Amino acid sequence: VGDAIERFESTIFIAYGSTGGGKTFAVTGGAKRFEDRGLIPRSVSAVFEALAARTDRADFKVSVSFFELYKDAALDLLTDRRSKVVVQDAANGTELVGLLRKD
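The notes below deal with the structure included here. (Residues numbered from 1 in each chain as written. Predicted model: local features only at pLDDT ≥ 70, side-chain atom pairs only at ≥ 80, totals over all residues. Heavy atoms only, no water.)

## Some thoughts on the overall build of the chain
Where we set the bar: By the criteria applied, helices consist of DSSP H or I runs no shorter than four residues and strands consist of E runs no shorter than two, each listed in order from the N terminus. With a 1.4 Å probe rolled over the protein chains alone, any residue whose accessible area is under 20% of its type maximum counts as buried; one over 50% counts as exposed, and the rest are partly exposed.
A tally of regular secondary structure across the chain gives 3 helices and 4 strands. Helices and strands appear in the chain in the N-to-C order α-α-α-β-β-β-β. Seen through its principal axes, the chain has C-alpha atoms that stretch 45 × 40 × 25 Å. Buried residues in the chain amount to 12% of all 103 residues.

So this is what it looks like as structure tokens:
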């Protein structure tokens, strides 16, 4: 998280593995106990804690996208229907067209 704050844009790849391997729990955590938070809620908390400690925090904008790659599809997990997004090559790498980004 600290390294992500020091760069202009950052991407974090969190989970990879077989079905039933515990990826969803590791990433999102359990809903019943605060101690069971997964990597995403812990990372988001760490980002805002790190920004709160900075004097230049007004210079930062935090945006989030949350997607799942399953088989040959990219699914937007911030939409209500988990809609598919188009994966295409772009000048600066791969682009997910239509992926929701929350500020």
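## Concerning the packing of aromatic side chains
Selection criterion: Working definition: rings of Phe, Tyr and Trp (its six-membered ring) pair if their centres are within 6.5 Å, and the pair is stacked with planes under 30 degrees apart, edge-to-face with planes over 60 apart, and tilted otherwise. Only when the NZ of Lys or the CZ of Arg is both within 6 Å of the ring centre and within 35 degrees of the ring normal is a charge said to sit over the ring.
Summed over the entire model, instances satisfying the criterion amount to 0 aromatic pairs. Residue placement shows Arg 37 over the ring face of Phe 34; its charged tip is 4.0 Å from the ring centre.

## Let's talk about the sheet that holds strand S1 (residues 67-70)
Rules: Two strands are said to pair when DSSP picks up at least two bridges between them. Every angle, taken between N-to-C directions, lies between 0 and 180 degrees, and every axis is a line fitted to C-alpha atoms, over only the stretch in contact when it is a helix.
Taken in spatial order, the 4 strands of this open sheet run S1-S2-S3-S4, and their pairing is antiparallel. The open sheet has two edge strands, S1 and strand S4 (93-97), and neither has a second partner. The mean angle between the axes of side-by-side strands here comes to 35 degrees, regardless of whether they run parallel or antiparallel.

## Side note on the side chain of Asp 76
Filter applied, for reference: For the charge count, each Lys or Arg is scored as positive and each Asp or Glu as negative, with His and the chain ends excluded. In what follows, salt bridge is the name for a side-chain nitrogen of Lys or Arg lying within 4 Å of a carboxyl oxygen of Asp or Glu. N or O atoms closer than or at 3.5 Å make up a polar contact, with two conditions inside protein: a donor-capable atom paired with an acceptor-capable one, and, for residues adjacent in sequence, both atoms drawn from side chains. When checking whether two residues touch, look at their non-hydrogen atoms; a contact exists if any pair is within 4.5 Å.
Secondary-structure assignment places Asp 76 in strand S2 (residues 73-76). Lacking a salt bridge, the buried Asp 76 has Arg 82 as its closest oppositely charged neighbour, with an N-O distance of 8.8 Å. A distance of 2.7 Å separates a polar side-chain atom of Asp 76 from the backbone nitrogen of Leu 100. Excluding residues that lie within four positions of it along the chain, Asp 76 makes contacts with Phe 66, Phe 67, Arg 82, Ser 83, Val 85, Gly 98, Leu 99 and Leu 100.

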